[in-house]
Amino acid sequence: QVQLVESGGGLVQRGGSLRLSCVAFGGTWSSYALGWFRQVPGKEREFVAAIDWTGIKTSYADSVKGRSTISRDNATNTVYLQMNSLKPEDTAVYYCAAHFSRVGVLLTLGDYPYWGRGTQVIVSS
């Protein structure tokens, strides 16, 4: 069983930056594909970024491409999402997700059996 705990959310002004972190407890972290998703009230949870088990392959939603970087540190069982040039439309609860997989990046909600509880990001205008 894998437990995921996100942190790093908060209130930031337009144009600012945040680094979200997600620490995993349990499981063989180095063999997990990881992802970040976000959700606003009344809308479906959407894909933000993903990284494969090697840390080499990554993928980003068009809405954050060029402004965000996903990375992982297998020594500390942590995945990060660095977000720059934040916009009010980035306001959401951000969730990390994990799946025991060595087949590449995973892009959809259904690919991930393990989820954190989320961290709130608010970008003011």
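Anyway, here's the lowdown on the structure attached to this text. (Residues numbered from 1 in each chain as written. Predicted model: local features only at pLDDT ≥ 70, side-chain atom pairs only at ≥ 80, totals over all residues. Heavy atoms only, no water.)

Right, let's get into the sheet that holds strand β8 (residues 78–83). Backbone hydrogen bonds are what pair the strands of a sheet, in a parallel or an antiparallel way. With respect to topology, four strands assemble into an open sheet ordered β1-β3-β8-β7, the strand pairing being antiparallel. Edge positions in the sheet fall to β1 (3–7) and β7 (68–73), since each has one partner strand and no second. Ignoring strand direction, the axes of neighbouring strands in this sheet form an average angle of 15°. Direction of pairing for β1 relative to strand β3 (residues 18–25): antiparallel, over a ladder of five bridges. Paired with E6 across the bridge in β3 is C22. (Pairing = 2+ DSSP bridges. Helix = DSSP H or I, 4+ residues; strand = E, 2+ residues; numbered from the N terminus. Axes fitted to C-alpha atoms, helices over the stretch in contact; angles between N-to-C directions.)

This part takes up unusual backbone geometry. Even without being glycine, N77 reaches a positive phi, approximately 55°. On the basis of relative accessibility, which here comes to 22%, the residue N77 falls in the partly exposed class. A positive phi is found at S85, a non-glycine position, where the angle reads about 50°. Relative to the helices and strands, S85 is located in the loop between β8 and β9 (92–100). Judged by relative accessible area, S85 falls into the partly exposed class, the value being 42%. (Buried < 20%, exposed > 50% of the residue type's maximum accessible area, 1.4 Å probe, protein only.)

Another point: the state of the cysteines. In the structure shown here, the tally under the stated rule is one disulfide. Disulfide pairing places C22 opposite C96 at an S-S distance of 1.9 Å. Here C96 lies in strand β9 and C22 lies in strand β3, a separation of 74 residues in the sequence. Of the residues examined, C96 reaches a relative accessible area of 1% and is grouped as buried. (Disulfide = S-S within 2.5 Å.)

Tracing the sequence through the fold places H99 in strand β9. Note: C-alpha distance between H99 and V2 (97 residues apart in sequence) is 9.3 Å. In this structure, H99 is in contact with S31, Y32, A33, L106, D111, Y112 and P113, ignoring residues within four places of it in sequence. (Contact = heavy atoms within 4.5 Å.)

Tallied over the entire structure, the rule returns four salt bridges. Notably, a salt bridge pairs E46 with R38, separated by 2.7 Å at the nearest N-O pair. Residue E46 is classed as partly exposed on the basis of its relative accessible area, which comes to 37%. Within this structure, R38, E46, R67 and D90 form a network of salt bridges that share partners. (Salt bridge = Lys/Arg side-chain N within 4 Å of Asp/Glu carboxyl O.)

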